[in-house]
Amino acid sequence: MRKLSLSFLCIICISVFAFSQAHQDDHGHDDHAEQTGHTDDHGHGNECGYVEADVFNPQKVAFHHISDQNIYSIGPFSFPLPCILKSDTGLDMFSSGKFKADYHGTGEYAYNDYVLFEGSVRRIVKADEFPDGLVELGKYKLYVREIEMDNGKKKDIVHLCYKGEEWLCDSKSYADAGFLGGGTTSFYDFSITKNVMTMILVFLFLGWALIGTANAYKKREGMAPKGMQGFMESIFVFIQDEVAKPFLGPKWEKYISLLMALFFFILGLNLFGQIPFLGGSNVTGNISFTLIIAVIAFLVTNISGNKHYWEHVAWMPGIPAPLKIFIITPVEIMGLFIKPLTLMLRLFGNIAAGHMVIIIFVGLIFIFGQNGANPVAGWGTAVGSTILTLFMMAIELLVAFIQAFVFTILTASYIGTAIEDHHHEEAH
Amino acid sequence: MTGTLAAVGAGLAVIGAGIGIGNIGAKAMEAIARQPEAVGDIRANMILMAALVEGAALIAIILAFFG
């Protein structure tokens, strides 16, 4: 009973913290509005006639939180990251601290025609006419406006208001070359972003943990495993005995390093993203990252595929020829690409959805509290939504392990079918 | 309006995945009850099959939101 009341107290404390944060946020908005002087009671704006509605938009907040950024923000603090940007005017390398990002990650300065909007670097389209070097913009000069495109569709385009003039900004630079709807841009972004930074941190941690474990076997030969070694050994033996040996058969040793690397890297990134108040990096929930690891799995599978594997793809034995030409072979060739596609989408979908659900549950406080206008409902929802968030986080901890395991086991099974020796006792 | 229809499509995909994963879980429970000594193998295969069903549903959901 005492434990129960203690945990209830904890939940109340966290809710109070969350709600006071929300309240602080609100006061912050009021202060900004007074400074700019261009606003009425409903929001803030600038001299280009743009007024931001001060209404909480959960969809925008959720997508902002799962996206990659050029600054690393932990709570109210934002840490600059190196920007490496390439455009037709040349290569620019500088720290994103030059943009002087505000609470929302929007920069108050422009540098060499680049601006920072909600954490990501964008370039001014008419870069020739805009002054080079460090240019002071001020608050609320960058904003989104809906523009009708040539094909009649509406698209959100970022605008910059500088000295009373409107300047169009380019989209974010995506690694997928605009394939997923980002569109092509006038610059390439090779920056060390938040996701890249997280990958480096997790890589260093895993290097330390795994090399330490390997050294422990040399130092403590013949003795029982201890500490980190014991923890790592149980996971390692689990993957070796439950995944590698049953799926890969006698040649399992050749692929074990790939499977271990995939498992530990995905697990490390999943768990790092789960740590609350540490930026919530969403690397495994980023489709570019999962695309690359799915491509690695695809290449390893098909390069190590033997004669039997390709025979079953191209000309399945024991089936009438017309059936093979019209159904089996096209389906098998599609299957080659659908396998890595599902690997990519499964990991992306699970982790991105997990991050979004947590943000939406926190967002419920602001929706029901009506941005501080209705504090009683806000307080009430804060308690409920904190319980829901804690529950969701427990589920996500499980999902982090399951998705790393599933990615590894499916990669192993795809490689296993590609290297399997077939014995044709009977026709298929 | 397209947004609403996409949400309906995503919901339908989730119904399909729910039925599929529910069946997998139910059959796995039955199998474990009949043969408790095979619980390790059954659990690993259950997770694998659930992941495959989920993959199909996730393709549908992501196509619904991006398409």
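Note that this is a predicted model, so its numbers are computed, not measured.

### Considering the domain arrangement of chain A
All names here are of chain A. The domain boundaries assigned to chain A delineate domain 1 (33–60 + 71–191) and domain 2 (196–423). With centres defined by C-alpha atoms, the gap from domain 1 to domain 2 works out at 33 Å. Counting residues at the interface gives eleven residues for domain 1 and 15 residues for domain 2. Here domain 1 meets domain 2 over a buried area of about 890 Å², counting both sides, of which 69% is carbon and sulfur. Together, Phe-56, Pro-58 and Tyr-72 form the three largest contributors to the area buried by domain 1 at its contact with domain 2, with a combined 53%.

### Quick look at the sheet that holds strand E12 (residues 154–162) of chain A
Residue and element names in this part refer to chain A. If you trace the three strands from one edge of the open sheet to the other, you get E11-E12-E13, paired in antiparallel fashion. In the strand order of this sheet, the two ends are held by strand E11 (142–148) and strand E13 (165–168), each with one partner. Pairs of neighbouring strands in the sheet enclose a mean axial angle of 45°, with direction left out of account.

### Focus: the interface of chain A and chain B
Interface size is commonly expressed as the accessible area that is lost once the parts come together. In this assembly, 15 residues from chain A lie in contact with nine residues from chain B. Both faces combined, the contact of chain A with chain B buries some 1,100 Å², and carbon together with sulfur accounts for 80% of it. There are zero salt bridges connecting chain A and chain B. Across the contact surface, chain A and chain B share two residue pairs in polar contact (both at pLDDT 80 or more). At the level of secondary structure, the elements contributing two or more residues to the side of chain A that touches chain B comprise helix H8 (321–368) and helix H9 (375–419) of chain A. Broken down by class, the residue content of the side of chain A that touches chain B amounts to ten nonpolar, four polar and one charged.

### Re the nonpolar core
Within the largest apolar cluster, 52 residues are counted, with the highest numbers of intra-cluster contacts made by A:Leu248 and A:Phe263. For this core, the elements supplying multiple residues, two or more each, are helix H3 (194–219), helix H4 (228–248), helix H5 (252–274), helix H6 (287–303), H8 and H9 of chain A together with helix H2 (39–66) of chain B. Those residues in contact with A:Leu248 that sit more than four places away from it in its chain are A:Tyr255, A:Leu259, A:Ala412, A:Ile415, A:Gly416 and A:Ile419. Among the nonpolar cores identified, the runner-up in size contains 13 residues, and A:Ala110, A:Ile124, A:Leu160 and A:Trp167 belong to it.

### Observations concerning the packing of H3(A) against H5(A)
All names here are of chain A. It is the contact of H3 with H5, at a shortest axis distance of 10 Å, that shows an interaxial angle of 120°. Taken together, H3 and H5 sit at an angle that is classed as oblique. In this structure, H3 meets H5 at a crossing whose hand is right-handed. Here Thr-198, Met-199, Leu-201, Val-202, Phe-203 and Leu-206 of H3 come into contact with H5, specifically with Phe-264, Phe-265, Gly-268, Leu-269 and Phe-272. Looking at the contact of H3 with H5, its residues break down into nine nonpolar, two polar and no charged.

Cut-off values and rules
Per chain, residue numbering runs from 1 following the sequence as it is written. By the order in which they are written, chains take letters starting at A while ligands take numbers starting at 1. The model is predicted, so local features are restricted to residues of pLDDT at least 70 and side-chain atom pairs to those at 80 or more, both for listing and for counting; the totals for chains, interfaces and linings are taken over all residues. Working from all heavy atoms in the structure, the side-chain values ignore hydrogens and water. Each domain's extent was defined by an automatic or database domain assignment. Between two residues, a contact is recorded if the distance between any of their heavy atoms is within 4.5 Å. Each of two parts loses accessible area, computed with a 1.4 Å probe, when they are put together; buried area is these two losses added. For two strands to pair, DSSP has to find at least two bridges joining them. Secondary structure elements are taken from DSSP: a helix is a run of H or I of four residues or more, a strand is a run of E of two residues or more, and numbering for both begins at the N terminus. Helix axes are fitted only over the stretch in contact, all axes being lines through C-alpha atoms; the angle between N-to-C directions runs from 0 to 180 degrees. Any Lys or Arg side-chain nitrogen found within 4 Å of a carboxyl oxygen on Asp or Glu counts as a salt bridge. What qualifies as a polar contact is a pair of N or O atoms within 3.5 Å, subject to a donor-acceptor requirement within protein and to the restriction that residues adjacent in sequence count only when both atoms come from side chains. Here the term charged refers only to Asp, Glu, Lys and Arg, the term nonpolar to Ala, Val, Leu, Ile, Met, Phe, Trp, Tyr, Cys and Pro, and the term polar to all other amino acids, Gly among them. Only buried Ala, Val, Leu, Ile, Met, Phe, Trp, Tyr and Cys residues count toward a nonpolar core, and they belong to the same one when joined by side-chain atoms within 4.5 Å. Throughout this description, buried means an accessible area under 20% of the type-specific maximum (1.4 Å probe, protein chains only), exposed means over 50%, and partly exposed covers the range between. Working definition: roughly parallel below 35 degrees, roughly antiparallel above 145 degrees, roughly perpendicular at 65 to 115 degrees, and oblique for all remaining angles. Left-handed describes a crossing in which the near helix is turned anticlockwise from the far one by less than a right angle; the clockwise case is right-handed.

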